[in-house]
Amino acid sequence: EPEVTQTPSHQVTQMGQEVILRCVPISNHLYFYWYRQILGQKVEFLVSFYNNEISEKSEIFDDQFSVERPDGSNFTLKIRSTKLEDSAMYFCASSEVGQGAYEQYFGPGTRLTVT
Amino acid sequence: AQKITQTQPGMFVQEKEAVTLDCTYDTSDPSYGLFWYKQPSSGEMIFLIYQGSYDQQNATEGRYSLNFQKARKSANLVISASQLGDSAMYFCAMSRSGSARQLTFGSGTQLTVLP
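Residues numbered from 1 in each chain as written. Chains lettered and ligands numbered in written order. Predicted model: local features only at pLDDT ≥ 70, side-chain atom pairs only at ≥ 80, totals over all residues. Heavy atoms only, no water.

(A) How the structure looks around the environment of A:Gln64. The topology assignment puts A:Gln64 in the loop between strand E6 (53-57) and strand E7 (65-68). Between the C-alpha atoms of A:Gln64 and A:Thr82, which are 18 residues apart in sequence, the distance is 8.0 Å. (Helix = DSSP H or I, 4+ residues; strand = E, 2+ residues; numbered from the N terminus.)

The structure is reproduced here in structure tokens:
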């Protein structure tokens, strides 16, 4: 069964460093998303991406964040200068395109720890 | 703006019994989707079930069913014949139809199945 994959599973970085989180969405999906979940809290939407551009973004997704689809398979989230409060689980998700609301399939997540 | 409320932070159920996890929502959108996700202790987000706002019948997927009451704005998840492996955090979520399909999550319910 096709699945969303994410690398790395765990990333430790120092405050102020840049990190890139990588995702490979399900191959026939064209909508991609990033969410984050701070430990013990609810899952929060960051950004959605369709047709090589950002479709929507939340207020969390400020200038420190960027997304890219560098090739036909990868979808990346870059945090330019990490802060302690960026420590969280980051989930990538993908969904099909079409009318109505379609289920989003999540990857296993990348746990980011900023020290 | 959309809002999801899950009022049960924790629930216990005896193995083989049914359990209902509550979810209420608020939206001004005429068309939307409602979702339930399971998050085991390992952290991944597993899609369980989807209900469209215009669907006439309640969604079912194996042991999962969604009790959709549109007038009450509720979308409760019913798990029949609980198994020990059902112990996990359960999140209710919703999205708008159309191009903006970010998921808005509730705070979750921690379900513990007792042997």
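(B) Structural detail: the interface of chain A and chain B. At the interface, 23 residues of chain A touch 22 residues of chain B. Inspection of the region where chain A meets chain B yields one salt bridge. Of the charged contacts in the structure, one is a salt bridge between B:Arg96 and A:Glu56, with a shortest N-O distance of 3.0 Å. Across the contact surface, chain A and chain B share seven residue pairs in polar contact (both at pLDDT 80 or more). Looking at the side of chain A that touches chain B, the elements that each hand over two or more residues are strand E4 (31-37), strand E5 (43-50), E6, strand E9 (88-95) and strand E10 (105-106) of chain A. Looking at the side of chain A that touches chain B element by element, the count peaks at four residues for E4(A). Across the side of chain A that touches chain B, the residue classes tally to twelve nonpolar, seven polar and four charged. (Contact = heavy atoms within 4.5 Å. Salt bridge = Lys/Arg side-chain N within 4 Å of Asp/Glu carboxyl O. Polar contact = N/O pair within 3.5 Å; in protein donor to acceptor, adjacent residues only side chain to side chain. Nonpolar A, V, L, I, M, F, W, Y, C, P; charged D, E, K, R; others polar.)

(C) Broad picture of the sheet that holds strand E8 (residues 75-79) of chain A. All names here are of chain A. Pairing is antiparallel in the open sheet, where four strands are placed in the order E1-E3-E8-E7. Strands with a single pairing partner mark the edges of an open sheet, and in this sheet they are strand E1 (5-7) and E7. On average, each strand axis in the sheet is inclined to that of its neighbour by 20 degrees, with strand direction left out of account. (Pairing = 2+ DSSP bridges. Axes fitted to C-alpha atoms, helices over the stretch in contact; angles between N-to-C directions.)

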